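Chain by chain, the residues run as shown.
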Amino acid sequence: MSHFQKSAVTCDHGLCSEIGRDIMIKGGNAIDSSIASLFCLGITNPQSSGIGGGFIMTLYNRTTQKCLVIDARETAPAASNKTMFGSDEWASKYGWRAIATPGEIYGYWEAFNKFGSGRVTWKDLIEPSIQLARNGLPISEYLGYVLKIKEKHFRSLPTMKEWLNPKTDHVYETGDIIKRPILADTLEKLANSPDPVQLFYNSEMTDEMVQEIRENGGIITKEDFTNYKPQFYEQPLITENFYNGYSMCGPPPPSSFAVTQSIVAVMVDLYANHSIPSTSKPGTIDDLTFYHHLIEAQKFAYAQRTLLGDAAFVPEALALAKNMTTREYTKWIVSRMPKEAQPSAYYGGITAQKEDHGTSHVSVVDSDGNGVSATSTVNRWFGAVVQSPKYAIVWNDEMDDFSSPGMANGFGFAPSETNFIEPGKRPMSSMSPLVIYDTKTGKLKMVMGASGGSKIISALAKPIIRVLCFNETIKEAIDAPTLHNQFTPDITQYEPAVPKQLLSDLEAYFKQSFKLTSGFEGIAQGIVINDDGQIYANGDFRRKSNQHPEGF
């Protein structure tokens, strides 16, 4: 955990936190800082994010005391349809047909022009990442781990040979230095362009990218690029006065903010103003019922997630998300809290959303009290596992985040109809970038977000609950072991650090069931501002990428 006086930035790599801090030192605001950090994450964490993907950003303006959202998530191409992948789930995961129209560059440019400070240039935001790509950076433990898993794919896919070290003829390993000169040239073009949206979405560069995609069997056209627009929400979802005068703000669907805030609101209703009970192990709360309620709150919330979809295409999903943010809905869930685990039908919808995967996150507070929480993704590790030969852009596989008719998940749950493919539609995501602010003073309290697919929701709800209800530090709250239940399947995943006695007691007294989870998932990035104005930031130790918060 780091302590700052005026500003802070924490994200999924320490070098990118440093870049975000330096932008604020130059006079940039939280928007400028977050964009610079996100460009950097595309270099340091290419398995999870980059300019071939998309993002969702929640902004809080301290002066106006208003919150708004930019949804620059990828969209389905015009030639797509809900049955395009049939029962072949691999076709939506790998290769050129899996690519959705990317939104990253358009979203950055719009955010910079509309909400940037005006005190730093567009090129200032990209130049540090150009230098990293051109001069090289060390492979982190996390990236080394992913590269090793993906080595078989890289050998069989010609566009990914860049990830094989010519000195060893194997993928780069942790500690190796990798240079990406082609991507550096691409970023330099974007940095020097007076209109990077025109360059990326409607120029000769677009023609060349589309030609590469089409020649390899993809369906994206130039019109998909030229028709792309980010979605702005000047009236995002707000959970008003859910605790001590605080409100939570975040994006409507296809974000899962409504799901995340529901878990928080229910647990705060049950456990607000508690002191920390005595603990026998670090990171545990000696209240067995607390963990039972946490698991049950997750089941109720994730069950409703199966009914959500892009708000622009599914009006009933937006209505549901708005309802989930109300005090009445929270009280209704609290009234239904069972004394022990119930069959799936008890919790609501019994369809399943697709699993989303790798993401990167950045949380920023600037010296004016503005906040930005932004999550970026190319979906699965290295997206579609193809990249542009000419521009070295790793393309997303966001089409895999849609549900497909007749393609039940591995546990037999039918796919969610609200998330079927439609041209121009954005797929559902677990991304839940959010801010919490004091409605009386207008001051920020927390800027929170997480990366890691479906575990984003549980990894994000946990520290918010523990900070607000039990007065833990942001480090204690993020570091605490995570319990994750996403309803389909109804089994709670746990980390090795969870005490075995806790698990056995929850099984015996509350009929909960458990399985051990794998690592490198559910990575939270949090900033808390105390009443005296002191800022505390923490990056999740689970992300093995030399991460550390920065600020001043």
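Looking at an unreviewed UniProt entry, the chain carries the name Gamma-glutamyltransferase, with the source organism given as Acrobeloides nanus. Check the Sequence similarities (unreviewed entry) section of the UniProt entry for the chain; it says "Belongs to the gamma-glutamyltransferase family."

Tallying secondary structure elements over the chain gives 16 helices and 21 strands in all. Taken along its principal axes, the extent of the C-alpha atoms in the chain is 60 × 55 × 45 Å. Every one of the 552 residues in the chain was classed for burial, and the buried ones make up 64%. Here the contacts in the chain between residues at least 6 apart in sequence split such that 73% fall between residues at least 24 apart. Total accessible area computed for the chain in this model is approximately 19400 Å², and 51% of it derives from carbon and sulfur atoms. A gap of 2 Å separates the mean positions of the 51 positive and 61 negative side-chain charges of the chain.

Further remarks concern the UniProt feature "active site" (unreviewed entry) in the chain. In the numbering used here, UniProt assigns the feature "active site" (unreviewed entry) to Thr-359. The topology assignment puts Thr-359 in strand β12 (residues 359–365). The contact partners of Thr-359, leaving out residues within four places of it in the chain, are Asp-12, Ser-48, Thr-375, Ser-376, Thr-377, Met-431, Ala-450, Ser-451, Gly-452, Gly-453, Ile-456 and Arg-543. A distance of 2.7 Å separates a polar side-chain atom of Thr-359 from the backbone nitrogen of Gly-452.

Let us now look at the pairing of strand β10 (residues 237–243). Sheet analysis places β10 next to strand β11 (residues 246–250), joined by four bridges and oriented antiparallel. Within β11, the residue paired with Thr-239 across the bridge is Met-248. Between β10 and β11, which pair antiparallel one after the other, the connecting turn spans two residues, and Asn-244 there sits at a positive phi close to 55°.

Taken N-terminus to C-terminus, the directions of helix α4 (residues 122–135) and helix α6 (residues 181–192) make an angle of 170°; their axes are 8 Å apart at the nearest point. The pairing of α4 with α6 is recorded here as roughly antiparallel in orientation. In this structure, α4 uses Trp-122, Lys-123, Ile-126, Ser-129, Ile-130, Ala-133 and Arg-134 to contact α6, whose residues at the interface are Pro-181, Ala-184, Asp-185, Leu-187, Glu-188, Leu-190, Ala-191 and Asn-192. Residue classes in the contact of α4 with α6 are distributed as nine nonpolar, two polar and four charged.

Attention now moves to the pattern of salt bridges. Tallied over the full model, the rule gives 27 salt bridges. Glu-398 serves as the salt-bridge partner of Arg-73, at 3.2 Å between the closest nitrogen and oxygen. Of this pair, Arg-73 sits in the loop between β4 (66–72) and α3 (104–115) while Glu-398 is found in the loop between β13 (371–377) and β14 (434–438), placing the two residues 325 residues apart along the sequence. On the basis of relative accessibility, which here comes to 1%, the residue Arg-73 falls in the buried class. Classification of Glu-398 by relative accessible area gives buried; the value is 0%. Of the charged contacts, one joins Arg-180 and Glu-162 as a salt bridge, the two residues approaching to 3.4 Å between their closest N and O atoms.

As a further point, take helix α11 (residues 288–305). Side chains three or four residues apart in an α-helix point the same way, a direct result of the helix having 3.6 residues per turn. Compared with the 26 Å implied by 1.5 Å per residue over 18 residues, the 26 Å span of α11 between its first and last C-alpha is a close match. Among the residues of α11, the N-terminal cap falls to Asp-287, whose side-chain oxygen and the backbone nitrogen of Thr-289 are separated by 3.1 Å.

Grouped together as the largest cluster of nonpolar side chains are 80 residues, with contacts concentrated most on Met-57, Phe-200 and Trp-395. With nine residues, helix α2 (residues 30–44) is the single largest residue contributor to this core. Residues Leu-320, Val-467, Tyr-494 and Ala-524 belong to the second largest nonpolar core, which totals 70 residues.

Following the criterion strictly, the structure yields 30 aromatic pairs and no others. Measuring from ring centre to ring centre gives 5.8 Å for Phe-39 and Trp-122, while their planes differ by 75°; the resulting arrangement is edge-to-face. Remark: Trp-122 occurs in helix α4 and Phe-39 occurs in helix α2; sequence separation between them is 83 residues. Relative to Trp-122, the ring of Phe-112 lies with its centre 5.7 Å away and its plane at 55°, an arrangement referred to as tilted.

Before going further, it helps to spend a moment on the state of the cysteines. Per the counting criterion, the structure on display carries two disulfides. There is a disulfide in this structure between Cys-16 and Cys-40, and the S-S distance comes to 2.1 Å. Residues Cys-16 and Cys-40 are joined by a disulfide whose S-S torsion is about -75°; by sign, that bridge is left-handed. Placement of Cys-16 in helix α1 (residues 14–25) and of Cys-40 in helix α2 is noted, with a sequence separation of 24 residues between them. Here Cys-16 matches Cys-40 in class, with each residue buried. Bridging Cys-67 to Cys-249, the disulfide has an S-S length of 1.9 Å. For the disulfide bridge between Cys-67 and Cys-249, the dihedral angle about the S-S bond is near -90°, and by the sign convention the bridge is left-handed. In this pair, Cys-67 sits in strand β4 while Cys-249 sits in strand β11, placing the two residues 182 residues apart along the sequence. As far as the burial class goes, Cys-67 and Cys-249 line up, both buried. Between Cys-11, a free cysteine, and Cys-16, which holds the nearest cysteine sulfur, the sulfur-to-sulfur gap is 4.9 Å.

For a regular strand, the rule is simple: side chains alternate between the two faces of the sheet. Of all five residues making up β14, five are buried, and the element is well covered by its neighbours. Because side chains alternate across β14, one face comprises the buried residues Leu-434, Ile-436 and Asp-438, and the other comprises Val-435 and Tyr-437, equally buried. The pairing of β11 with β14 spans four bridges and is classified as antiparallel. Bridge pairing links Ser-247 to Tyr-437 in β14. As judged from the four bridges shared by β14 and strand β15 (residues 444–451), these two strands associate in the antiparallel manner. Within the sheet, the bridge partner assigned to Leu-434 lies in β15 and is Met-448. Taking the residues that link successive antiparallel strands as the turn, the β14-β15 hairpin has five residues, and the phi of Gly-442 there is positive, at about 80°.

The positions UniProt marks with the feature "binding site: L-glutamate" (unreviewed entry) are Arg-73, Thr-377, Val-378, Asn-379, Asp-401, Ser-429, Ser-430 and Gly-453. Checked against the element boundaries, Ser-429 lands in the loop between β13 and β14. Ser-429 gets classed as buried once you look at its relative accessible area, which sits at 2%.

Strand order across the open sheet formed by seven strands is β1-β20-β19-β15-β14-β11-β10, with antiparallel pairing between neighbours. The two strands at the open ends of the sheet, each matched to only one other strand, are β1 (2–4) and β10. Between one strand axis and the next, the sheet turns through 15° on average, direction left out of account.

Each value, and the rule that gives it
- Residues numbered from 1 in each chain as written.
- Predicted model: local features only at pLDDT ≥ 70, side-chain atom pairs only at ≥ 80, totals over all residues.
- Heavy atoms only, no water.
- UniProt positions renumbered as here; feature names shortened; annotations may be inferred.
- Helix = DSSP H or I, 4+ residues; strand = E, 2+ residues; numbered from the N terminus.
- Buried < 20%, exposed > 50% of the residue type's maximum accessible area, 1.4 Å probe, protein only.
- Contact = heavy atoms within 4.5 Å.
- Areas by Shrake-Rupley, 256 points an atom, 1.4 Å probe, with all protein chains shown as cover.
- Lys, Arg positive; Asp, Glu negative; His and termini not counted.
- Charge placed at Lys NZ, Arg CZ, Asp CG, Glu CD.
- Polar contact = N/O pair within 3.5 Å; in protein donor to acceptor, adjacent residues only side chain to side chain.
- Pairing = 2+ DSSP bridges.
- Axes fitted to C-alpha atoms, helices over the stretch in contact; angles between N-to-C directions.
- Parallel < 35°, antiparallel > 145°, perpendicular 65-115°, else oblique.
- Nonpolar A, V, L, I, M, F, W, Y, C, P; charged D, E, K, R; others polar.
- Salt bridge = Lys/Arg side-chain N within 4 Å of Asp/Glu carboxyl O.
- Expected span 1.5 Å × (residues − 1).
- Core = buried A, V, L, I, M, F, W, Y, C linked by side-chain atoms within 4.5 Å.
- Phe/Tyr/Trp six-rings, centres within 6.5 Å; stacked < 30°, edge-to-face > 60°.
- Disulfide = S-S within 2.5 Å.

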